[in-house]
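Chain by chain, the residues run as shown.
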Amino acid sequence: MSESQRFQLGTVGALSLSVVSSVSIVICNKALISTLGFTFATTLTSWHLLVTFCSLHVALWMKLFEHKPFDARAVMGFGILNGISIGLLNLSLGFNSVGFYQMTKLAIIPCTVLLETLFFRKRFSRNIQLSLAILLVGVGIATVTDLQLNVLGSVLSLLAVVTTCIAQIMTNSIQKKFKVSSTQLLYQSCPYQALTLFIIGPFLDGLLTNQNVFAFKYTPQVLLFIVLSCLISVSVNFSTFLVIGKTSPVTYQVLGHLKTCLVLAFGYVLLRDPFSWRNIFGILIAVIGMLLYSYYCTVENQQKASEASTKLPEVKESESDPLVGVENGSGILADGIVQKATVWNSNKDLHA
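Starting afresh in each chain, residues are numbered from 1 along the sequence in its written order. Residue-level local features of this predicted model are given only where pLDDT is at least 70; pairs of side-chain atoms are given and counted only at 80 or more, and the full residue set underlies all totals for whole chains, interfaces and linings. Note: side-chain values were computed over all heavy atoms of the structure, leaving out hydrogens and water.

Caption draft 1: Here's a closer look at the nonpolar core. For this analysis, a nonpolar core means a set of buried residues of the types Ala, Val, Leu, Ile, Met, Phe, Trp, Tyr and Cys, connected via side-chain atoms within 4.5 Å. To sort residues, take the accessible area from a 1.4 Å probe on protein chains only and compare it with the maximum for the residue type: under 20% means buried, over 50% means exposed, and anything in between is partly exposed. Counting residues in each nonpolar core, the largest one holds 28 residues, and the members touching the most others are I109, L132, L135, V254 and Y293. Residue assignment for this core shows that the elements contributing at least two residues are α1 (3-35), α5 (108-119), α6 (126-143), α9 (220-246), α10 (249-271) and α11 (277-320). We call two residues in contact whenever any of their non-hydrogen atoms come within 4.5 Å of each other. Apart from residues lying up to four places away in sequence, I109 is in contact with L132, L135, L136, Q253, V254 and H257. In terms of nonpolar packing, the next biggest core, distinct from the first, is built from 17 residues, V75, V180, Y187 and L197 among them. Per the convention used, a helix needs a DSSP run of H or I reaching at least four residues, while a strand needs a run of E reaching at least two, with both numbered from the N terminus.

Caption draft 2: A look at helix α8 (residues 182-209). Under the convention used throughout, the expected extent of a helix is 1.5 Å for every residue step, that is, one less than its residue count. Compared with the 40 Å implied by 1.5 Å per residue over 28 residues, the 34 Å span of α8 between its first and last C-alpha is markedly short. In the segment just after α8, N210 is the residue with positive phi, at about 60°.

Caption draft 3: A look at the side chain of H48. The residue H48 is located in helix α2 (residues 41-61) in this model. Take H48: its relative accessible area is 8%, and that puts it in the buried class. Two N or O atoms form a polar contact when they lie within 3.5 Å of each other; inside protein one atom must be a possible hydrogen donor and the other a possible acceptor, and for residues adjacent in sequence the pair counts only when both atoms belong to side chains. Within the local environment of H48, its side chain forms a polar contact with the side chain of S229, the two groups lying 2.7 Å apart. Discounting chain neighbours no more than four positions away, the residues touching H48 are I25, N29, S229, C230, S233 and N237.

Caption draft 4: Layout of the pattern of salt bridges. For this document, the term salt bridge refers to a Lys or Arg side-chain nitrogen within 4 Å of an Asp or Glu carboxyl oxygen. This model, assessed by the stated rule, comprises one salt bridge. The residue K122 makes a salt bridge to E116 at a minimum N-O spacing of 3.8 Å. The class for K122 is partly exposed, based on a relative accessible area of 31%.

Caption draft 5: A look at the packing of aromatic side chains. When the centres of two rings from Phe, Tyr and Trp lie within 6.5 Å, Trp using its six-membered ring, the rings pair. Their planes under 30 degrees apart give stacked, over 60 give edge-to-face, and anything left gives tilted. The tally for this structure, following the rule as stated, stands at 10 aromatic pairs. Aromatic pair F38 and F40: ring centres 5.1 Å apart, planes at 75°, arrangement edge-to-face. For F38, a relative accessible area of 0% gives the class buried. Since its relative accessible area comes to 0%, F40 is described here as buried. Ring centres of F40 and F216 lie 5.8 Å apart, and the angle between their planes is 80°; on these two criteria the pair is classed as edge-to-face.

Shown next as structure tokens:
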């Protein structure tokens, strides 16, 4: 099996793991919150991250992965930012209608595209942009109902979108810059995320629910679902870092909207949630957009790979010819001057 085939197989596995684990935890948390009345979402997330860190620590002790320390400031900043973004998303849901919260989640994709275009000079083709637009329209039709605006909720939603986009872009860039795996990054950033949410969680949950998480009556059934939710969260957190590291923040957001549609479908089939033809129509459009996005990404990646493979022999041939790079009538020069001319020409092409 070639390296590219292994990479594709690993990417498909990461995407599948992300979908299955995310849908599972949503169903589990829905039962915990709606049926059992445990509405402390931010505090629950801090427990998720704490269990994830403990699980990874055991895996490290069993030598299932290698610990690779790197820039401590980058890890700390990344972990705290991730924790803040989760808290802001929960606040956004608490101070906005469900419809406006869904619009907030939809805004993450165009915001991520904008940030990557401005700061990383990443280019998205028209086909990619069209497929993303179709996806967003479909998810909007399926999920957005009412749009009740208020100043505080709008500010919180804006902050949630920006911090989430930056955190997801950092996930991808840190893994590539420091050459660390998703497991290594998750292991080092988990304590900072968990500590941030553990500190602000009870305050935010009390503000949103008017209840005290420490005064809640923890029955055996509630404890069972909390443990189950924490165990599933290990897979969710790991697959999130894995998907972003292997693909991109935009692809992860596309996958997130697919999971939203699947949760709606599972909710109707298993839990008999209210469902309408509008939901079905929106989900179908979203799936079409997701398939188009996947197709265009695959085609463009294959084109880039073929272009890179054709350029490689040309580069080797140019390195073996001492006169290549002497252009614009410079004539036959001494070897040292030819090398400088070649370097200057290549630099000029990079900055063009």
